[in-house]
Amino acid sequence: MKKKVILTLLVFACCLFAAVALNYGFATGFMRNYPDAEYLTYEEAAVRPVYYELGIKEQALYTALYRGINEEKEVIPLPFEVKGEEYSKVFRILEKQEGEFFFLDSVYYTAKRVHEAKMAYKPELDLELRRGELRNAVKKAVKGGSSIRGNYYIATYISNYIINNCKYVLGDDDSYASTAYGCLVEGKANCEGYSKAFNLLAAEMGLESQLITGTTDTGENHAWNQVKIGTEWFNLDVTWEDTDVAGEIRSEYFLRPDKAFSRTHFADDELFEPQKCTSDNWNTFKVSGHHAENLERALNIVTDSLSSGDDTIDIEFADRDTYSQFKYVITNEERVAELFDEAGVSADGDIVIRLRENPGELCITVLIDK
């Protein structure tokens, strides 16, 4: 009898241990069936430079989220369990870099350990319609630049296309302001919407681009892009290029090196390291011959532009002294009259010279109203 009691107790203890172990296994993910890890295709990864900065596990996590969100899944099984901070990092990167996911809420669910992603989407009754509208808007933009060759010219086309088809709105005044949908379909967006739209169009047209977040020299949160031209990386801020005045574009924020850009833009490196931008080869002012090393060169730019019939003259100055000297001369009526004479242009009638200054970037735009 005693042996039977002992045996019964042993069996009970074993069953209890097995139950606890099984419960622990499910709780920790040890007994869970995980889907196989997948990775972006070469073509997909080639236009997503941030993806290559992730570790191999992070790339698999990124891919799982990318595939699942594209299918609008509410719950996305992950290929393995990860720490909450690891999940948060990858989700936050993807939410900024993937402009097509305008319906994804920036608020997300996480936990100490994450084995499946619970997604938060914006409440849409006509999501498929809106996704179709965005696809059509992207196709329209890409078609308009289909004959353009060369990364510099493609980047220029995308930047100008966004500027000509979108109006800046403050903050989150519109529900889609911070999305590519807001920028490309509704035609109104904030800085994040501008940047996501550039990223999306760049990927469609074969450019490597990434969205950068950070702050401005006034301490405001901001978003812009980095794009690869040839073998070199450059900063550009489509939002700040846009003046919302027809025909006016600020060239000082297009394809700039860190040395110039960092006067007003301070990148966040919490999630990934931004690219180093050291080249000034595609500086718009240098490409157009409007970079002035000294006062004489600046005045020559004005006379050459007047001779060509230009009434908007953008000039970048090599240093602050040249900037100040030019500003002094160009506000002198007699000296301006001499410049018109040297250019062979009549200054008769009412001619008003206006200056649009950007002392932080050492740039002045001379606007001539006749």
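Our subject is the structure that appears above.
Residues numbered from 1 in each chain as written. Predicted model: local features only at pLDDT ≥ 70, side-chain atom pairs only at ≥ 80, totals over all residues. Heavy atoms only, no water.

What to know about the side chain of Thr-365
- Mapped onto the fold, Thr-365 is located in strand S12 (residues 363-369).
- Side-chain polar atoms of Thr-365 contact the side chain of Asp-314, separated by 2.5 Å.
- Thr-365 has contacts with Thr-312, Ile-313, Asp-314, Arg-354, Leu-355 and Arg-356, leaving out every residue within four places of it along the chain. (Helix = DSSP H or I, 4+ residues; strand = E, 2+ residues; numbered from the N terminus. Polar contact = N/O pair within 3.5 Å; in protein donor to acceptor, adjacent residues only side chain to side chain. Contact = heavy atoms within 4.5 Å.)

A look at helix H8 (residues 191-204)
- Taking 1.5 Å per residue as the helical rise, H8 with its 14 residues ought to reach 20 Å, and the 20 Å between its terminal C-alpha atoms agrees with that figure.
- For H8, the buried fraction is high: twelve of the 14 residues fall into the buried class.
- Within H8, the full set of buried residues consists of Cys-191, Glu-192, Gly-193, Tyr-194, Ser-195, Lys-196, Ala-197, Phe-198, Asn-199, Leu-200, Leu-201 and Ala-202.
- Where H8 begins, the capping side chain belongs to Asn-190, and its oxygen is found 3.1 Å from the backbone nitrogen of Glu-192.
- Immediately downstream of H8, the backbone of Gly-206 shows phi near 85 degrees, a positive value. (Expected span 1.5 Å × (residues − 1). Buried < 20%, exposed > 50% of the residue type's maximum accessible area, 1.4 Å probe, protein only.)

Overview of the pairing of strand S5 (residues 209-216)
- Within S5, six of the eight residues are buried, which leaves the element mostly enclosed by the surrounding structure.
- Sheet analysis places S5 next to strand S6 (residues 221-229), joined by seven bridges and oriented antiparallel. Looking at the pairing, Thr-215 lines up with Asn-221 of S6.
- Linkage of S5 to S6, two consecutive antiparallel strands, is achieved through a turn of four residues, within which Gly-219 is found at a positive phi near 85 degrees.
- Here S5 pairs with strand S8 (residues 265-267) via three bridges, running antiparallel. Of the residues in S8, the one forming a bridge with Thr-215 is Phe-266. (Pairing = 2+ DSSP bridges.)

Digging into the pattern of salt bridges
- Within this structure, the stated rule accounts for 22 salt bridges.
- A salt bridge links Glu-95 to Lys-96; its shortest N-O distance comes to 2.8 Å.
- The buried category is assigned to Glu-95, whose relative accessible area is 10%.
- The partly exposed category is assigned to Lys-96, whose relative accessible area is 21%.
- With its nearest N and O atoms 3.1 Å apart, the salt bridge here joins Asp-280 to Lys-286.
- For Lys-286, a relative accessible area of 41% gives the class partly exposed.
- Here the salt bridges do not stand alone but share partners, grouping Glu-95, Lys-96, Glu-192 and Lys-196 into one network. (Salt bridge = Lys/Arg side-chain N within 4 Å of Asp/Glu carboxyl O.)

Re the nonpolar core
- One finds Leu-65, Ile-69, Tyr-87, Met-119, Ile-158, Ile-162 and Leu-184 to be the most contacted residues of the largest nonpolar core, which totals 69 residues.
- Per-element tally for this core: the top contributor is helix H6 (residues 151-165), with eight residues.
- Setting aside chain neighbours within four positions, we find Tyr-87 in contact with Leu-61, Leu-65, Leu-78, Val-82, Tyr-108, Tyr-109, Thr-110, Val-114, Ala-117 and Met-119.
- Among the nonpolar cores identified, the runner-up in size contains 22 residues, and Ala-292, Ala-298, Ala-343 and Ile-364 belong to it. (Core = buried A, V, L, I, M, F, W, Y, C linked by side-chain atoms within 4.5 Å.)

Digging into helix H4 (residues 84-97)
- Between its first and last C-alpha, H4 extends 20 Å over 14 residues, near the 20 Å set by a 1.5 Å rise per residue.
- Gly-84, Tyr-87, Ser-88, Val-90, Phe-91, Ile-93, Leu-94, Glu-95 and Gln-97 are the residues of H4 that are buried.
- Contacts from the buried residues of H4 go to helix H3 (56-70), strand S1 (75-83), strand S2 (113-118), H8 and S5.

Some points on the sheet that holds S8
- Here we have four strands laid out as an open sheet, ordered S7-S6-S5-S8, and antiparallel in their pairing. Strand pairing shows two members of the sheet lacking a second neighbour, strand S7 (232-236) and S8, which therefore form its edges. Recorded for the sheet is a direction-independent mean angle of 45 degrees between the axes of neighbouring strands.
- The strands touched by H8 within the sheet are S5, S6 and S7, with S6 carrying the most contacts at an inclination of about 20 degrees. (Axes fitted to C-alpha atoms, helices over the stretch in contact; angles between N-to-C directions.)

Considerations on the packing of aromatic side chains
- In total, this model carries 21 aromatic pairs according to the counting rule given.
- Ring geometry for Tyr-51 against Tyr-62: centres 5.8 Å apart, planes inclined by 70 degrees, an arrangement best described as edge-to-face. Of this pair, Tyr-51 sits in the loop between helix H2 (42-46) and H3 while Tyr-62 is found in helix H3, placing the two residues eleven residues apart along the sequence.
- Judged by relative accessible area, Tyr-51 falls into the buried class, the value being 4%.
- Relative to Tyr-161, the ring of Tyr-157 has its centre 5.9 Å away and its plane inclined at 40 degrees; by these criteria the two rings are tilted. Placement of both Tyr-157 and Tyr-161 in helix H6 is noted, with a separation of four residues, approximately one turn of the helix. Neither residue differs from the other here; Tyr-157 and Tyr-161 are each classed as buried.
- Taken together, the ring pairs connect Tyr-66, Phe-101, Phe-102, Phe-103, Tyr-121, Tyr-176 and Tyr-181 into an aromatic cluster.
- The ring of Phe-80 has Lys-57 lying over it, and the distance from NZ or CZ to the ring centre is 4.9 Å. (Phe/Tyr/Trp six-rings, centres within 6.5 Å; stacked < 30°, edge-to-face > 60°. Lys NZ or Arg CZ within 6 Å of the ring centre and 35° of its normal.)

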